[in-house]
Amino acid sequence: MTEEGAAAVTVQTPGTQAPADPADTRQVIRPYGDTTGDGMVQMSFTLPVPAGPRADAAALQLAAKMGLEPASVVHAKPMGPDFTFFIVYGRTRHLIDYASIPAPPERAYPLLSAPEVNQAIRRALNRRLVVVGACIGTDAHTVGIDAILNVKGFAGEKGLEYYREIQVVNMGAQVTVAELVERAKAVDADAVLVSQVVTQRNAHLHNTKQMAAAFHAEYPTAVAAGMGRPLLVAGGPRFDTVTEGDLGVDRIFGRGTTPAEVASYLVHALLPDTPDGAAPQDTTPEETEDEG
């Protein structure tokens, strides 16, 4: 019996090997600025102080508290008499184990081509699928909704106007919620797409919640999207902090979304009887030619 605190002795049986140390599976990364792995980052912010040396000192103090050291002010611009916009460049000591970050979930539906989307709609509905899109509230930035709806499209993909079996109603910018609901009811919309780019004071969240609440109130007996009310879809660059349930919509699309992703989702969500959202394989020559 060993005395308390004595070092433990490991006895190795002849012919056996000690277990190997577990392999290091970490993938440690740090930001890249001037050279690989130098940890340099750039950030911008506005402080509610007049521009000048004292404002620069405040910006550097903030950068130091955020872990940037050393840091320097590379740009400072007055924003009126009482505000200053800064760009600060500095080194962060924080590291990230990239291997520990789980892969995001895969798309829950297949990405379909335009002919496949058209076939699925034609076979399931025997009519065109109606989509109403708009920028609501005071948002006048139509770049997002136009990228999805207009025939010119986005990222090399043509918009929903290009699809023969989709009827697009693009209401443009600064549409009120009441106007959107009225138009959607008038055309018997299957889906409503809302784009929100303006995010000051969380306007995008407020507007989207208001829109969703109005549609739920207008269709009180609806069972679900496509079953008594239109499918509600919101899109924009700053929805990554909330879920569909938070806003009352059926789907949120973020930055980089392409028209094909939206079209494929519409088939997936509104035509559940289509196996895996894919069109049957007995494609005719007419259906495979250019959909334009």
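Each residue is numbered by its place in its chain's sequence as written, counting from 1. Totals for whole chains, interfaces and linings use all residues, but because this is a predicted model, local features are given only for residues with pLDDT of at least 70 and pairs of side-chain atoms are given and counted only at 80 or more. Hydrogen atoms and water are omitted, and side-chain values are computed over all heavy atoms in the structure.

### Comments concerning the overall build of the protein chain
As a reminder of what qualifies: The way it works is that DSSP assigns letters per residue, a run of H or I at least four long becomes a helix, a run of E at least two long becomes a strand, and they are numbered from the N terminus. Throughout this description, buried means an accessible area under 20% of the type-specific maximum (1.4 Å probe, protein chains only), exposed means over 50%, and partly exposed covers the range between. Whether two residues touch is decided by their heavy atoms; if any such pair falls within 4.5 Å, the residues are in contact. The method behind every accessible area is Shrake-Rupley, applied with a 1.4 Å probe, and residues are considered shielded solely by the protein chains displayed.
Scanning the protein chain from N- to C-terminus turns up 8 helices and 12 strands. Counting only residues that meet the buried cut, the protein chain has 35% of its 292 residues in that class. When contacts within the protein chain are restricted to residue pairs at least 6 apart in sequence, long-range pairs at least 24 apart make up 67% of them. With an accessible surface of roughly 17,700 Å², the protein chain has 53% of that area assigned to carbon and sulfur atoms.

### Some remarks on the pattern of salt bridges
We count it as follows: A carboxyl oxygen of Asp or Glu within 4 Å of a side-chain nitrogen of Lys or Arg is what we treat as a salt bridge.
Using the criterion set out here, one finds 5 salt bridges in the structure. Note that R26 is salt-bridged to D24, the shortest N-O span being 3.0 Å. Between E218 and K185 there is a salt bridge whose closest N-O contact spans 3.0 Å. Linking E218 in helix α5 (residues 203-218) with K185 in helix α4 (residues 177-186), this pair joins segments that are 33 residues apart in sequence.

### A few points about a nonpolar patch on the surface
Keep this limit in mind: Only residues whose relative accessible area exceeds 30% and that take part in no salt bridge are eligible for patches, with like-charged residues grouped when within 9 Å of each other and nonpolar side chains (Val, Leu, Ile, Met, Phe, Trp, Tyr) grouped when within 5 Å.
Judged by side-chain polarity, I29, I96, Y98 and I101 come together as a nonpolar surface patch covering roughly 370 Å² of accessible area. You can see I96 is positioned in strand β5 (residues 96-97). What makes I96 partly exposed here is its relative accessible area of 45%.

### Focus: the nonpolar core
Our working rule: What makes a nonpolar core is a set of buried Ala, Val, Leu, Ile, Met, Phe, Trp, Tyr and Cys residues whose side-chain atoms join them at distances within 4.5 Å.
V131, L160, Y163 and L193 are the most contacted members of the largest nonpolar core, which has 31 residues in total. Those residues in contact with L193 that lie beyond four places of it in its chain are V131, V132, G133, A134, I145, I148, L149, L160, V233 and V262. Counting residues in each nonpolar core, the second largest holds 25 residues, with V181, L205, V242 and I252 among its members.

### What to know about the sheet that holds strand β3 (residues 68-78)
Going by this rule: DSSP calls a pair of strands paired once it identifies at least 2 bridges connecting them. The axes used here are C-alpha line fits, helices contributing only the stretch in contact, and every angle between their N-to-C directions lies in the interval 0 to 180 degrees.
Overall, antiparallel pairing links the 3 strands, which are arranged β2-β4-β3 in an open sheet. Only two strands of the sheet have a single partner each, and these edge strands are β2 (40-47) and β3. On average, adjacent strands in this sheet sit at an angle of 20° to one another, irrespective of strand direction. By the bridge criterion, 8 bridges tie β2 to strand β4 (residues 84-92) in an arrangement that is antiparallel. Its bridge partner lying in β4, L47 is registered against T84.

### A short note on the packing of aromatic side chains
Worth spelling out the cut-off: Pairing of aromatic rings covers Phe, Tyr and Trp, the last through its six-membered ring, and needs centres within 6.5 Å; plane angles under 30 degrees mean stacked, over 60 mean edge-to-face, and all others mean tilted. Placement of a positive charge over a ring is assigned whenever Lys NZ or Arg CZ falls within 6 Å of the ring centre and within 35 degrees of the normal to the ring plane.
The final tally for this structure, using the stated rule, is 5 aromatic pairs. Ring centres of F45 and F86 lie 5.8 Å apart, and the angle between their planes is 35°; on these two criteria the pair is classed as tilted. With F45 in strand β2 and F86 in strand β4, the pair connects residues that are 41 residues apart, well separated along the chain. Relative accessible area serves as the criterion here: at 13%, F45 is assigned to the buried category. Measuring from centroid to centroid gives 6.2 Å for Y162 and Y163, while their planes differ by 85°, and the two rings are edge-to-face. For Y163, a relative accessible area of 4% gives the class buried. Three or more aromatic residues joined by ring pairs form one cluster here, namely Y109, F253 and Y265. The ring of Y109 carries R107 above its face, with NZ or CZ at 5.9 Å from the centroid. Above the face of the Y265 ring, R251 is positioned so that its terminal group lies 5.3 Å from the ring centre.

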